[in-house]
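These are the residues of each chain, in order.
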Amino acid sequence: MKAMTKQQLADCAGVSVRTLMNWCRPYRKELARMGMTPGMRVLPPRIVKWMSERFCIDIG
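A brief report on the enclosed structure follows. Just so it is clear, the structure is predicted and the values come from calculations on it, not from any experiment.

Along the chain, serine 52 falls in helix 4 (residues 45-54). The class for serine 52 is buried, based on a relative accessible area of 7%.

Attention shifts here to the layout of surface pockets. Looking at the largest pocket, its volume works out to about 230 Å³. Considering the residues around the largest pocket, the lining is formed by Lys6, Met21, Asn22, Cys24, Arg25, Arg28, Leu31, Ala32, Met36, Thr37 and Pro38. Classifying every residue of the lining of the largest pocket by side-chain character gives 6 nonpolar, 2 polar and 3 charged.

Taken as a whole and judged by the stated rule, the model has 4 aromatic pairs. Note on tyrosine 27 and tryptophan 50: the rings are 5.3 Å apart at their centroids and 75° apart in plane angle, and the pair reads as edge-to-face. One end of the pair, tyrosine 27, is in the loop between helix 2 (17-24) and helix 3 (28-33); the other, tryptophan 50, is in helix 4, with 23 residues separating them in the sequence. Overall, the relative accessible area of 25% leaves tyrosine 27 in the partly exposed class. We classify tryptophan 50 as buried; its relative accessible area is 13%. Joined through ring pairs, the aromatic side chains of Trp23, Tyr27, Trp50 and Phe55 make up one cluster.

A few words now on the pattern of salt bridges. According to the stated counting rule, one finds 1 salt bridge in the structure shown. Where lysine 49 meets glutamate 53, a salt bridge forms, and the shortest distance between an N and an O atom there is 3.4 Å. Linking lysine 49 with glutamate 53, this pair stays in helix 4, spanning 4 residues, or about one helical turn. Judged by its relative accessible area of 52%, glutamate 53 falls in the exposed class.

To continue, consider the nonpolar core. Ranked by size, the top nonpolar core spans 16 residues in total, and within it Leu9, Leu31, Met36, Leu43, Ile47 and Met51 carry the most contacts. Among the elements of the structure, helix 1 (6-13), helix 2 and helix 4 are those that each provide at least two residues to this core. Ranked by residue count, the leading element in this core is helix 4, at 4 residues. The residues touching leucine 9, leaving out its near neighbours within four places in the chain, are Met4, Leu20, Leu43, Val48, Met51, Ile57 and Ile59.

How each quantity is defined
Residues numbered from 1 in each chain as written. Predicted model: local features only at pLDDT ≥ 70, side-chain atom pairs only at ≥ 80, totals over all residues. Heavy atoms only, no water. Helix = DSSP H or I, 4+ residues; strand = E, 2+ residues; numbered from the N terminus. Buried < 20%, exposed > 50% of the residue type's maximum accessible area, 1.4 Å probe, protein only. 1 Å grid on protein atoms, 1.4 Å probe; cavity = no way out; pocket = protein on both sides within 12 Å on 5 of 7 lines; lining within 4 Å. Points joined across faces, edges and corners; volume = space filled by probe spheres on them. Nonpolar A, V, L, I, M, F, W, Y, C, P; charged D, E, K, R; others polar. Phe/Tyr/Trp six-rings, centres within 6.5 Å; stacked < 30°, edge-to-face > 60°. Salt bridge = Lys/Arg side-chain N within 4 Å of Asp/Glu carboxyl O. Core = buried A, V, L, I, M, F, W, Y, C linked by side-chain atoms within 4.5 Å. Contact = heavy atoms within 4.5 Å.

The structure is reproduced here in structure tokens:
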């Protein structure tokens, strides 16, 4: 996994950044423990991996 912007990850999922963040809403505390902050633009690899697994996003 590599670091990605929220926009890049949303593009891979075929949704808008707003929709991607809405999907993350129930997991906000878990993502905060992993180091994600609300204003973060570039997501670290561990968060990209977590989101891609959780939401079945093909990063390929």
